[in-house]
Amino acid sequence: MGLKYIEQLKSVVLVLLIFLSFTLTFAIWTYSPVIQTSEGTTVDISIAQKKKMEDVIKPYRMIISQEGELKGSYNSKPIEFILDNMKNWEIQTVELASNKLNTDQINEFIKKPNRASLFFAADVPVEVLGTTLKFANPAFPDAYFNRLIIDWSEEAPEHMNLYFISTSQQKMYTATAEQVNKSGFTDRILKYTEKMQVYNEIITDNKLSLYVSSSPEKILSYTYSIKEIESEKFKDALFNNPSLVRSNSVGTNELQFTDDSALMRVNFNSRSFGYVHPASENDNPGVPVDLIQNSLNFVNEHNGWTDDYRYYRMNTDNSQINYQLYFADLPVFGREISTEISQKWGVERVYQYYHPLYTLAAAVPFKTREVELASGQSVYDFLSNATDINTDTIDDVIIGYYLSRDETQPHFNLEPSWYYLESGSWIPISPELLGGMKYGLE
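An account of the accompanying structure is given in this report.

Parameters at a glance
- Residues numbered from 1 in each chain as written.
- Predicted model: local features only at pLDDT ≥ 70, side-chain atom pairs only at ≥ 80, totals over all residues.
- Heavy atoms only, no water.
- Buried < 20%, exposed > 50% of the residue type's maximum accessible area, 1.4 Å probe, protein only.
- Helix = DSSP H or I, 4+ residues; strand = E, 2+ residues; numbered from the N terminus.
- Pairing = 2+ DSSP bridges.
- Phe/Tyr/Trp six-rings, centres within 6.5 Å; stacked < 30°, edge-to-face > 60°.
- Core = buried A, V, L, I, M, F, W, Y, C linked by side-chain atoms within 4.5 Å.
- Contact = heavy atoms within 4.5 Å.
- Salt bridge = Lys/Arg side-chain N within 4 Å of Asp/Glu carboxyl O.

Burial of strand S19 (residues 272-276) is extensive: five of the five residues sit out of reach of the surface. Alternating residues of S19 divide into Ser 272, Gly 274 and Val 276 and Phe 273 and Tyr 275, and every residue in both groups is buried. Sheet topology note: the strand S18 (residues 263-267)/S19 ladder contains five bridges and is antiparallel. Bridge pairing in S19 places Met 264 opposite Tyr 275. The hairpin formed by S18 and S19 contains four residues between the paired strands, and Arg 271 there has a positive phi angle of roughly 55°. Pairing between S19 and strand S24 (residues 350-356): five bridges, direction antiparallel. Bridge pairing links Phe 273 to His 355 in S24.

Take the packing of aromatic side chains next. Taken as a whole, this structure holds 24 aromatic pairs when the rule is applied. Seen from their ring centres, Phe 145 and Phe 164 are 5.6 Å apart, and the 65° between their planes marks the pair as edge-to-face. Note that Phe 145 is positioned in strand S9 (residues 144-151) and Phe 164 in strand S10 (residues 160-166), a separation of 19 residues in sequence. Phe 164 shares its class with Phe 145; the two are buried. When the centroid spacing of 6.2 Å and the interplanar angle of 40° are considered together, the rings of Phe 333 and Trp 426 count as tilted. Here the residue Phe 333 occupies a position in strand S22 (residues 330-333), and Trp 426 occupies one in strand S29 (residues 425-429), the gap between them amounting to 93 residues. With relative accessibility at 17%, the residue Trp 426 sits in the buried group.

This part takes up the nonpolar core. Counting residues in hydrophobic clusters, the biggest one holds 100 residues, and the most contacted among them are Ile 82, Ile 150, Phe 164 and Tyr 353. Those residues in contact with Tyr 353 that sit more than four places away from it in its chain are Phe 234, Leu 238, Phe 273, Gly 274, Tyr 275, Phe 298, Val 299, His 302, Ile 341, Ser 342 and Gln 343. With 21 residues, the next largest nonpolar core counts Ile 110, Phe 333, Ile 398 and Leu 421 among its residues.

For the coordinates displayed, the defined rule picks out 18 salt bridges. Between Lys 207 and Asp 395 there is a salt bridge, with its nearest N and O atoms 3.0 Å apart. Of this pair, Lys 207 sits in the loop between strand S12 (197-202) and strand S13 (210-213) while Asp 395 sits in strand S27 (residues 394-405), and the two are 188 residues apart along the sequence. The exposure class of Asp 395 is partly exposed, given its relative accessible area of 40%. For Asp 236, the salt bridge is made with Lys 235, and the minimal N-O distance between the two is 3.3 Å. For the pair Asp 236 and Lys 235, a shared accessibility class is recorded, and that class is buried. Among the ionic contacts, a cluster of salt bridges with common partners joins Glu 54, Asp 84 and Lys 87.

What follows is the structure in structure tokens.
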């Protein structure tokens, strides 16, 4: 009888331990940081949510190369399938394969059959992947990439080749992925490929190829009543002692918060704020890995990821990093309304910080409509024939959303449009510019 009760007691203890584990995990994920004022009261500075590295370092496009055909997508499902599978692989030592790739070699690498190429908006340090993927050798080279190519052309059943290419540095690093369920991976990829658009490669002299859709695309347009984020929440998060912060209205479009060490300006027109801590200014260049990790941690400290923001641009000379707003897997741009999170880092802390004061995630659209956009190939053909556009300077062509304010009602519109990249800026191609082309029609 004694042994029976002992076994029952063990079962009860085990259930209690499991319950305690779930409770602690829930408490960690729902924890909201607080600060204490000089009066002894506490202020909750949780604004939205935290993000992991894999949430903000994401490709904006995938190209699948098969025999004689390219398929492409910006949809997150097939892209996340690849990235989730990579978490189970054991990636061997990353080694330099070429320190001077020319554009023709890069183009050939992407269109070789049985390869998936992931396109990133800016160079990513390979070391950053160590936070989400398993590397056999934790010592990373000083390597960067904005194209990640997965190659399953070899017959070996349990390994694949990876290529990390930086088109800006013209360097390529390679590694072998072991412990791969190759047949299951390729079967699923090919099923995704069946539903993808056929893409055309646009070849230009001495430049990277462009990859554009060959047929029209139907995208949803949205009208929102956007949810505003109270500037007071960021004020409480960014100032050491919010109770001592002074506020001051500047005209009808700006509100300022200040104490003896920092200034925060709220711009009602752009629905954003800018924060500066002058004493932290630093002329030293930033370290890419540190800029990405520190910027992620900083926003996580106040749960400040209010929407789908993705790593977009970095300038190590002035220690600046930018995250672009995405919606429905497409980048969002705006002329009047801010669509980026930007940070400049100084001495051991943020020197400047810019952040939108609205969220699309918490808003519900009250109007949608389907818009048919011309194919990427048709758009490029139009640009080639335009007398005031030099296609030699075009680095990419994509679909994005334009965020604008309704002139007659307190609403915001998300309208899909084609954009081309020139000198680091995305330029919209309006329906008026395209003239009689089948573009932007409901």
